[in-house]
Amino acid sequence: MNETVKNIRDRYNKAKTGTENFFSMYKRAYELCAPNYNNTQPGAFNGQTGQPQVYDSTVSRAADSFVNTFVTTICPPQTRWMELTPSDELIDSIAAITGKDRQDVQENLTEEYQKITDAFFSALNQSNFYSVIDQFSHDVFVGTGCLLVQNSGDYFDSASPLDFTAIPPLDIAVELSPGQKITAVFRKQCIRYSQISYVFPGFDFSVLSDKPSGSGNDYNVELLEACLLDPEFVRLPNGETTLLRWRYIVICNDKIAFETRMANNPFVVFFWSLRQGENVGRGLLTKLLPDAEELQMMVRLKQKWLQMYGLGSYTAVASQLLNPAMTKIRPNGVIMVKDQGAIQPLQPSGNPQIQQLQIQELQQAIKETALDFTIPNDPRMTATQVQYIAQRQLQIFAGVVGRIQFQFLWQVVQNSLDILVNTGYITLPPELAKIDTKTTKLKILSPIGRVQFMNDLNSLTTALSMIAQVDPSLVQQYVRTEELPTYIFEQTGSPAKLLRSAKETKQVQQQMAQQQQAMMMAQQK
């Protein structure tokens, strides 16, 4: 074992130890929220439910509601949930180099970015992204979601070069810096021998030992994948030099079987919340586990009470000597007593109404924690009430919109664009060397992004109204009203292509001025 492999295995074992500390919590969480998608029970992948000690489906239904809310508010299917626009730094740089007018440069770049955005969504909608995003959302609900972004390759007849895989959180081990930045992601998996060649093109098959006896021509091979933060400048085939920050290594039999360098980490890991010193996230489900456990206990007691009440227990006289140790109270059972005229029913004790109220309170608390604000089908509800529920749902998600944008959406978009550019699906304009945070701005157009937009727009409307009440002419004097249409389009997420360019706007203004002048001259005559 060489030094590199030994170092990777040591780092993997340390990161895996931190993950295993959460095994029991994650195991119980998946038993409650996703019994048919249980990442801790191997039998669940063989058609078994993996649902031990679960007596109520409230958590499972709340998890489904969270998944639906997450997808529809973050990245709704078949919609343009984001838009790429040029950064001010890129516009100023190109305007300074070319000497062109800044407005013309901005319009040209915006048009090019519109084409890139269109091509991105064309590839995304034809990929398996929306098939795996619900699986990823379930993992986020528990605490940690991992989405692997890869090139689908030429081995499959796919209309899109993008391929996504939702990896269960306990199948990976994440290494974090003291500042909670990801420095390495590890995954150990078994893969069929026949699949290695197209999953890892260029795999060194000489590292494989003799195949197991009786395995035939195909058998499982254990691999350890490691994606390490290891920046290095690499010279490209065209002679240019670029910085590739990530080193991707596949280890088999303690030997490096595959190695490459990447600009971005293909493992997109998102933590709902992360505590210092931990490498596994805590989701909304971990917060409501105590309530969920209490609910399971209360429902189980209610079931027992219903069995006793439905089938009943009875008492009867026994002539022989009674043994208290043999007395058992159970449904449809007979308890022997010393003195009684005939068989009598035994009345069950307890107050089922109080128990039901406690169950309802726990169910409501779980739904609220899981962001389950399902709009009830009640004809008595007003439009204002329905709007309030929907707005409340979006406002809670808005608390994590910043992390969702940069830790999840931007990483998915950047990895996908790198693949699309490298495969020739997208061609960048000559003035744009690459797409990154310095050259590109990501604008969220999904409902979660529009919450903040609408808040800003309402603030602007209030300010303009207050100024106009003092003196309407102040609005024209101090506010650039000619830029308001562009701002409103941007804030509401309306298509930018419907707006006229600066030149077209000037032409329309000149035509309107000429028409107004002609009308005035006609009136004077």
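Conventions and cut-offs
- Residues numbered from 1 in each chain as written.
- Predicted model: local features only at pLDDT ≥ 70, side-chain atom pairs only at ≥ 80, totals over all residues.
- Heavy atoms only, no water.
- Helix = DSSP H or I, 4+ residues; strand = E, 2+ residues; numbered from the N terminus.
- Buried < 20%, exposed > 50% of the residue type's maximum accessible area, 1.4 Å probe, protein only.
- Contact = heavy atoms within 4.5 Å.
- Areas by Shrake-Rupley, 256 points an atom, 1.4 Å probe, with all protein chains shown as cover.
- Pairing = 2+ DSSP bridges.
- Axes fitted to C-alpha atoms, helices over the stretch in contact; angles between N-to-C directions.
- Parallel < 35°, antiparallel > 145°, perpendicular 65-115°, else oblique.
- Left-handed = near helix turned anticlockwise from the far one by under 90°.
- Nonpolar A, V, L, I, M, F, W, Y, C, P; charged D, E, K, R; others polar.
- Salt bridge = Lys/Arg side-chain N within 4 Å of Asp/Glu carboxyl O.
- 1 Å grid on protein atoms, 1.4 Å probe; cavity = no way out; pocket = protein on both sides within 12 Å on 5 of 7 lines; lining within 4 Å.
- Points joined across faces, edges and corners; volume = space filled by probe spheres on them.
- Expected span 1.5 Å × (residues − 1).
- Bend = angle between axes of the 7 residues up to and from the residue.
- Polar contact = N/O pair within 3.5 Å; in protein donor to acceptor, adjacent residues only side chain to side chain.

**Q** Let's hear about the overall build of the chain: which residues, and what values?
**A** Check the secondary structure of the chain and you find 16 helices and 13 strands. Out of the 525 residues belonging to the chain, those deemed buried represent 40%. By sequence separation, contacts in the chain at least 24 residues apart represent 68% of the contacts at least 6 residues apart. Surface accessibility of the chain: about 29800 Å² in total, with carbon and sulfur atoms responsible for 51%.

**Q** Go over the sheet that holds strand β2 (residues 144–151) with me, naming the residues and quoting the values.
**A** With antiparallel pairing, three strands are arranged side by side in an open sheet as β3-β2-β9. Either end of the sheet is taken by a strand with one partner, and the two such strands are β3 (162–167) and β9 (267–271). Across the sheet, the axes of successive neighbouring strands diverge by a mean angle of 20°, strand direction being ignored. In this sheet, β9 lies alongside β2 in antiparallel orientation, the contact comprising five bridges. Counterpart to Gly 145 in the pairing with β9 is Phe 270. Where helix α6 (residues 129–142) meets the sheet, its contacts fall on β2, β3 and β9, and the angle it forms with β2 comes to roughly 155°.

**Q** Before we move on, can you summarise the sheet that holds strand β8 (residues 255–262) with the specific residues and values?
**A** Judged by pairing direction, the sheet is antiparallel, and its five strands sit side by side in the order β4-β5-β6-β7-β8 without closing on themselves. Both outer strands of the open sheet, β4 (172–176) and β8, are each paired with one neighbouring strand and no more. Neighbour-to-neighbour, the strand axes of this sheet turn through a mean angle of 20°, independent of strand direction. Relative to strand β5 (residues 182–192), β4 is paired through five bridges, and the arrangement is antiparallel. Following the sheet pairing, Val 174 is matched in β5 by Val 185.

**Q** Residue-level account of the packing of helix α2 (residues 23–33) against α6, with values.
**A** The angle between the axes and the distance between the axes are what describe a pair of packed helices. Their axes nearest at 10 Å, the elements α2 and α6 cross at an angle of 125°. Relative to α6, α2 is oriented oblique. Crossing handedness for the pair α2 and α6: right-handed. Every residue of α6 that contacts α2 at Tyr 26, Ala 29, Tyr 30 and Cys 33 is listed here: His 138, Asp 139, Phe 141 and Val 142. Grouping the amino acids of the contact of α2 with α6 by side-chain chemistry returns six nonpolar, one polar and one charged.

**Q** Describe the environment of Leu 432, and please don't skip the residues or the numbers.
**A** For Leu 432, the location among the structural elements is in the loop between α12 (401–422) and β13 (440–444). Overall, the relative accessible area of 4% leaves Leu 432 in the buried class. The residues touching Leu 432, leaving out its near neighbours within four places in the chain, are Leu 90, Tyr 113, Ile 116 and Thr 439.

**Q** Report on the pattern of salt bridges, specifying residues and quantitative values.
**A** Within this structure, the stated rule accounts for 16 salt bridges. The shortest N-O distance in the salt bridge between Arg 187 and Glu 225 comes to 2.9 Å. Of the two residues, Arg 187 sits in strand β5 while Glu 225 sits in strand β6 (residues 220–235), which places them 38 residues apart along the sequence. When sorted by exposure, Arg 187 lands in the same class as Glu 225, which is buried. When the shortest N-O distance is used, the salt bridge between Asp 230 and Arg 261 registers 3.1 Å. Placement of Asp 230 in strand β6 and of Arg 261 in strand β8 is noted, with a sequence separation of 31 residues between them. Several salt bridges converge on common partners, so that one network encompasses Asp 230, Glu 232, Arg 247, Glu 259 and Arg 261.

**Q** Give me the lowdown on the pairing of β5, citing residues and values where you can.
**A** Connecting β4 to the next strand, β5, in antiparallel fashion are five residues, including Gln 180 with a positive phi near 65°. When β5 meets β6, the two strands line up antiparallel, connected through nine bridges. Considered in β6, the bridge of Val 185 is made with Cys 227.

**Q** Account for empty space enclosed by the protein, with residues named and values stated.
**A** Across all of its chains, the model carries one cavity of 30 Å³ or more by this definition. Estimated volume of the largest cavity: approximately 50 Å³. Lining the largest cavity, in full, are Thr 19, Tyr 26, Thr 144, Pro 169, Leu 170, Ile 172, Ala 173, Val 174, Asn 279 and Val 280. Partitioned by chemical class, the residues of the lining of the largest cavity number seven nonpolar, three polar and no charged.

**Q** I'd like to hear about α12, residue by residue, with values.
**A** If you check α12, its first and last C-alpha atoms are 30 Å apart, about what 22 residues at 1.5 Å a residue would give, namely 32 Å. Trp 410 marks the point of greatest bend in α12, at about 35°. Within two residues after α12, Gly 424 carries a phi angle of roughly 80°, on the positive side.

**Q** How would you sum up the side chain of Asn 279? Please name residues and give values.
**A** With respect to the helices and strands, Asn 279 occurs in the loop between β9 and α8 (284–287). You can call Asn 279 buried: its relative accessible area is 11%. Within the local environment of Asn 279, its side chain forms a polar contact with the backbone oxygen of Ala 15, the two atoms lying 2.9 Å apart. Within the local environment of Asn 279, its side chain forms a polar contact with the backbone oxygen of Val 174, the two atoms lying 3.0 Å apart. Leaving out residues up to four positions away in the same chain, Asn 279 has contacts with Ala 15, Gly 18, Thr 19, Val 174, Leu 176, Phe 271 and Leu 274.

**Q** Let's hear about the packing of helix α3 (residues 58–74) against α6: which residues, and what values?
**A** At a closest axis distance of 9 Å, the pairing of α3 and α6 adopts a crossing angle of 115°. Here the hand of the crossing between α3 and α6 comes out right-handed. Facing α3, whose interface residues are Ala 63, Asp 64, Phe 66, Val 67, Phe 70 and Val 71, α6 presents Ile 133, Asp 134, Phe 136, Ser 137, His 138, Val 140 and Phe 141.

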